[in-house]
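Observations on chain architecture
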Amino acid sequence: MCEEKYRIKLAGYIDDELSPDERQEYENHLEGCAECRNELESFRKLKEVTGAMKYADIPEQVWEGYWAGIYKRLERGLGWIFISIGIILVLSFGGFHLCKDFFLNSDEPILLKIGVGSGIVGFIILFVSLLRERLFASKRDRYDEVTR
């Protein structure tokens, strides 16, 4: 049974990363350990096979299409996010001004104001989300051209 410290040094020996003293120690160990010699030979063959491998050349057209698709999705995604945020802010502002007297009235409890405000903002977010979903779905409606 081979010591663990020699198994750890195997990759360093193959890649020529050991110091001269460590290398000499490892070679001395190899002389008396058939298990490590067999493992070293297996790793050398593995290194030879993997060293001969090359990456496939991908045509420039494929890369251009790939990056164009990513940028298009990112741009559209960011566009929808900013449109949604803008609509939410505008509708929230309008909702606040419609209910301004309620929110600025000091007689109303703060918890009620937070509840009503949260409800209004939640409604606006759901409305924008539903509107966006319907716009998205209408472009991809499979039954759009079906007549009865």
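Residues numbered from 1 in each chain as written. Predicted model: local features only at pLDDT ≥ 70, side-chain atom pairs only at ≥ 80, totals over all residues. Heavy atoms only, no water.

**Quick word on the packing of aromatic side chains**
Here the structure, examined in full by the defined rule, presents four aromatic pairs. When the ring of F96 is compared with that of F103, the centres are 5.8 Å apart and the planes differ by 25°; the resulting orientation is stacked. With centroids separated by 5.3 Å and ring planes inclined at 70°, the aromatic side chains of F102 and F103 adopt a geometry described as edge-to-face. With a relative accessible area of 22%, F102 lands in the partly exposed category. A residue is classified by how much of its surface remains accessible, and F103, at 17% relative accessible area, is buried. Joined through ring pairs, the aromatic side chains of Y6, Y13 and Y26 make up one cluster. (Phe/Tyr/Trp six-rings, centres within 6.5 Å; stacked < 30°, edge-to-face > 60°. Buried < 20%, exposed > 50% of the residue type's maximum accessible area, 1.4 Å probe, protein only.)

**A few points about the environment of F93**
By secondary structure assignment, the location of F93 is in helix α4 (residues 60-98). On the basis of relative accessible area, F93 is assigned to the exposed category, the value being 55%. Between the C-alpha atoms of F93 and V121, which are 28 residues apart in sequence, the distance is 9.8 Å. (Helix = DSSP H or I, 4+ residues; strand = E, 2+ residues; numbered from the N terminus.)

**Overview of the environment of H29**
Counting through the fold element by element, H29 comes out in helix α2 (residues 20-32). Sequence separation between H29 and L135 is 106 residues, and the spatial gap between their C-alpha atoms is 72 Å. Contact partners of H29, with chain neighbours within four places excluded, come to C2, Y6 and C36. (Contact = heavy atoms within 4.5 Å.)

**Some details on a nonpolar patch on the surface**
Judged by side-chain polarity, I58, V62, W63, Y66, W67, Y71 and L74 come together as a nonpolar surface patch covering roughly 710 Å² of accessible area. Assignment of secondary structure puts W63 in helix α4. (Patch = residues over 30% accessible without salt bridge, like charges linked within 9 Å, V, L, I, M, F, W, Y side chains within 5 Å. Areas by Shrake-Rupley, 256 points an atom, 1.4 Å probe, with all protein chains shown as cover. Salt bridge = Lys/Arg side-chain N within 4 Å of Asp/Glu carboxyl O.)

**Points about the packing of helix α1 (residues 4-14) against α2**
The angle between the axes and the distance between the axes are what describe a pair of packed helices. In the contact formed by α1 and α2, the axes pass within 11 Å of each other and the chain directions differ by 115°. For the element pair α1 and α2, the recorded crossing hand is left-handed. Contacts between α1 and α2 involve K5, Y6, K9, L10 and Y13 on the former and, on the latter, E22, R23, E25, Y26, E27, H29 and L30. In the contact of α1 with α2, the residues fall into five nonpolar, one polar and six charged. (Axes fitted to C-alpha atoms, helices over the stretch in contact; angles between N-to-C directions. Left-handed = near helix turned anticlockwise from the far one by under 90°. Nonpolar A, V, L, I, M, F, W, Y, C, P; charged D, E, K, R; others polar.)

**Some words on the confidence of the model for the protein**
Summary statistics for the protein give a mean pLDDT of 82 and a share of 93% for residues scoring 70 or more. Across the protein, the element-wise mean pLDDT spans from 81 in α4 up to 89 in α2. (pLDDT = per-residue confidence, 0-100.)

**Section: unusual backbone geometry**
Positive phi outside glycine occurs at D16, with the angle close to 60°. Overall, D16 belongs to the exposed group, its relative accessible area being 54%.

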